[in-house]
Amino acid sequence: MIKYLFYQYSITLSLIIEVAISIPLSKTFNYLCDNEVSVGVRVKVPLARKKVIGIVLAIKDKSRYNETNFRKKREDTLGYKLKSVEKVLDKIPILDKSILDLLFWSANYYHYPISKVISYTLPKNLLLGKEAKIKKIIDFPNKLQQPDFQPTDEQNIAIEQILKSTNQYHAFLLHGVTGSGKTEVYLHIIQSMIDQKKQVLVLVPEIGLTPQMITHFKSRLKTRVIAIHSQLNETQKLDAYLMAKNGDAGVILGTRSAIFAPISNFGLIIIDEEHDNSFKQQSSFRYSARNLGFIRAQQSNIPLVLGTATPSLELLKIAMDKKITRITLTKRAGGATLPKVSLIDMRSNTNDALSKILIEKIKQYLSIDKQVMLFINRRGYAPIYYCTQCNWKAQCNHCDSTMVYHRHINRLKCHHCGDEKIPEHVCPNCTKQSLKILGYGTEKLEETLYSYFVDTPIIRIDRDTTRRKKSFAQHLEQINTGKPCIIIGTQMLTKGHDFSNLAMVGILDVDTGFLSTNFRATEYLAQLLIQVSGRAGRHKERGEVVIQTRYPDHPIFNFVLSSRYTQFASQLLKQRLSAMMPPFSHQALLCANAKNKQNAENFLHEAAILLKSIQMNSVEIWGPIANTIEKKSDYYYFNLYLQSNNRVTLHQILSTFSQHINKLKLKNKVRWYLDIDPIE
Ligand SMILES: Nc1ncnc2c1ncn2[C@@H]1O[C@H](COP(=O)(O)OP(=O)(O)OP(=O)(O)O)[C@@H](O)[C@H]1O
Ligand SMILES: [Zn+2]
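These numbers were taken from a predicted model, which means no experiment stands behind them. (Residues numbered from 1 in each chain as written. Chains lettered and ligands numbered in written order. Predicted model: local features only at pLDDT ≥ 70, side-chain atom pairs only at ≥ 80, totals over all residues.)

Before we move on, could you go through the UniProt feature "binding site: Zn(2+) 2" (unreviewed entry) in the protein chain and cite the residues and values that matter?
Summarizing the sequence annotation, UniProt attributes the feature "binding site: Zn(2+) 2" (unreviewed entry) to Cys396, Cys399, Cys414 and Cys417 in the numbering used throughout. Maximum C-alpha separation among the annotated residues is 8.7 Å over a sequence range of 22 residues, consistent with a single clustered spot. The residue cysteine 399 is located in the loop between strand 16 (384-387) and strand 17 (404-406) in this model. With residues near it in sequence (within four places) discarded, cysteine 399 still touches Cys414, His416, Cys417, Ile629, Lys631, Lys632 and Ser633. Mapped onto the fold, cysteine 417 is located in the loop between strand 18 (411-413) and strand 19 (420-421). Ignoring anything within four residues of it in the chain, the contact list for cysteine 417 reads Cys396, His398, Cys399, Lys632 and Ser633. (UniProt positions renumbered as here; feature names shortened; annotations may be inferred. Helix = DSSP H or I, 4+ residues; strand = E, 2+ residues; numbered from the N terminus. Contact = placed C-beta atoms within 7 Å.)

Now the structure itself:
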């Protein structure tokens, strides 16, 4: 009798639930569940012969079962027999409604399966079924340290204006010149949120910026500050996730993936260095954390502040359209002025990395105990290893690219696939002993500088010298002592850093930016030049910037020399408008790659035919076109571009396409992906 009652009880509670499982499958699965269950909790379910963890996405049938329709309901729409959930792992949902809304929105917009979106955004330990419990809570309270200055008038206006719009969606572009003290504005608005018991999410582009930003925030804010980024171990990741979720952390600071952090009492989102490309993920789930910032702020009905000295054309356009409020900080804080910028014409200079004028200037600044930074965006010793007799070049066997010589390991390395080899001694083509290196990378620059400045510390910061976990932080510490030194910096050093004794910046090699086929290259170059220049002279004495170039007549320099980024950007916007390119139109990219070149290209031909058959006026299709680097790691890459003035139409065509993609004959012979709002 007892058994019978139990049986009946469980029948009356059986529900059909939809579950997302973190396996590389795009679809979701239906299960029967006999227990109380809510959307967003984890469940353990049978799949094939395994037991796996999944997240409940929906309760599909709320009507409870009775014996008459019991048999019918145990099958799903395709007639498959449903299996039962083995265990419900959580009482409180791991993903609450607000975060699920964001994940569904993202899956839909990026045409990426919801199960994969979830497994990308959830800490691994949760996906493995571990208990949702904090192991080590971050220390609090912090030792506070107030600054010895008051906000400037411009900063005060910015703070007031933003604080007027709390408790509602409102997007602000905080456009402040380099060194204008945007961080100070952030700190004031964050503290005001904390006082109202709200949590704040802060996104920064570069992982290297997080430790110093965390220290700075901890010294100023009366709240627990936590970091979310890829260098945390799995326990730390779970702890951070849960501290954000349960409200223990007042500030959640992280790189792009932190946009998916669960936040219970959301008050504000800040995205620093909004223009930076690292907010767009360039593999698997190709989302833009900056664009999702807008969606998340709208869904949570809170303000969004995007700060930068060099706004992206996207943001300048929506500022023109009055969809975002632009606030400007026109002066450097604390009395500093913008640096003096000059050009050095390198056309008469042969192959030397450093012009004589630049070497003289470095000497001058070091002699008055200042620091100097040289920017070069190429790591390794030399980018080309070639034969002076027959012009043979060391190429990667797997990619369409030359191999870069790295002296400290005496290897040629491919920067695309990571392949390495010992350099040949004789030319493999003409067998002569006439092999040489050409060009400069950070390693060779370091060596050259040593020959001129024997006693000066040289700090090289690139991916090779910062591979170890704490090495970047150690280098920064050394710079922050303020002692005279020469810093060799790559892209990693361009953003956000505030070195108080850095007086001069030399920009050695940006000319490759003029040769790029990407229509955004000039925009990026202008941003890079202004950002790198912006590291000089941020405190008191005016700094100096010297740019070496073989294209001194390029119009971009007119603007950069006089720090007129906005005017330059408006010109670029006009060009984009007349060509109807983004941000005046919307793009998507279908990329296919395969070991067999023909398959990759033909798959896109098939795809183009399918897309054209969907009949959407106003969507243009171009391609297939071979990728700029056609072969990477033995795979051939081809692109098909879709463009439309109407975002909705573009997404409709992509949805229909996704539903019919199984019809494409070559589908299983290629790897393919969709990239929405591509930037490369
Ligand atoms: N009101 C102020 N008075 C004096 N100094 C200030 C003031 N506000 C900020 N500063 C100082 O000015 C320097 C630059 O500030 P911050 O790093 O925030 O600039 P930023 O706007 O983020 O620049 P970038 O875009 O180049 O990163 C910092 O050293 C900061 O302490
Ligand atoms: Zn390679």
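Picking up after the structure, the text goes on.
Got a sec to walk through the site of ligand 1? Specific residues and values, please.
In the vicinity of ligand 1, 19 residues are found, and the nearest of them are Thr178, Gly181, Thr183, Ala333 and Gly334. In terms of residue count, helix 7 (residues 182-195) provides more of the shell around ligand 1 than any other element does, three residues in total. Counted by class, the shell around ligand 1 contains four nonpolar, eleven polar and four charged residues. (Near = placed C-beta within 6 Å. Nonpolar A, V, L, I, M, F, W, Y, C, P; charged D, E, K, R; others polar.)

Go over the domain arrangement of the protein chain with me, naming the residues and quoting the values.
Parsing the protein chain into structural domains produces domain 1 (2-95), domain 2 (153-334), domain 3 (336-382 + 439-575) and domain 4 (586-676). Between the C-alpha centres of domain 2 and domain 4 the distance comes to 34 Å. (Domains from an automatic or database assignment.)

Report on the packing of helix 3 (residues 97-109) against helix 10 (residues 289-300), specifying residues and quantitative values.
Contact geometry of helix 3 with helix 10 gives a least axis separation of 10 Å together with a crossing angle of 140°. Comparing their axes, helix 10 and helix 3 come out oblique. When the axes of helix 3 and helix 10 are compared, the crossing they make is right-handed. Across from Ser98, Asp101, Leu102, Trp105 and Ser106 in helix 3, the residues of helix 10 making contact are Leu292, Ile295, Arg296, Gln299 and Ser300. For the contact of helix 3 with helix 10, the class distribution of residues is four nonpolar, four polar and two charged. (Axes fitted to C-alpha atoms, helices over the stretch in contact; angles between N-to-C directions. Parallel < 35°, antiparallel > 145°, perpendicular 65-115°, else oblique. Left-handed = near helix turned anticlockwise from the far one by under 90°.)

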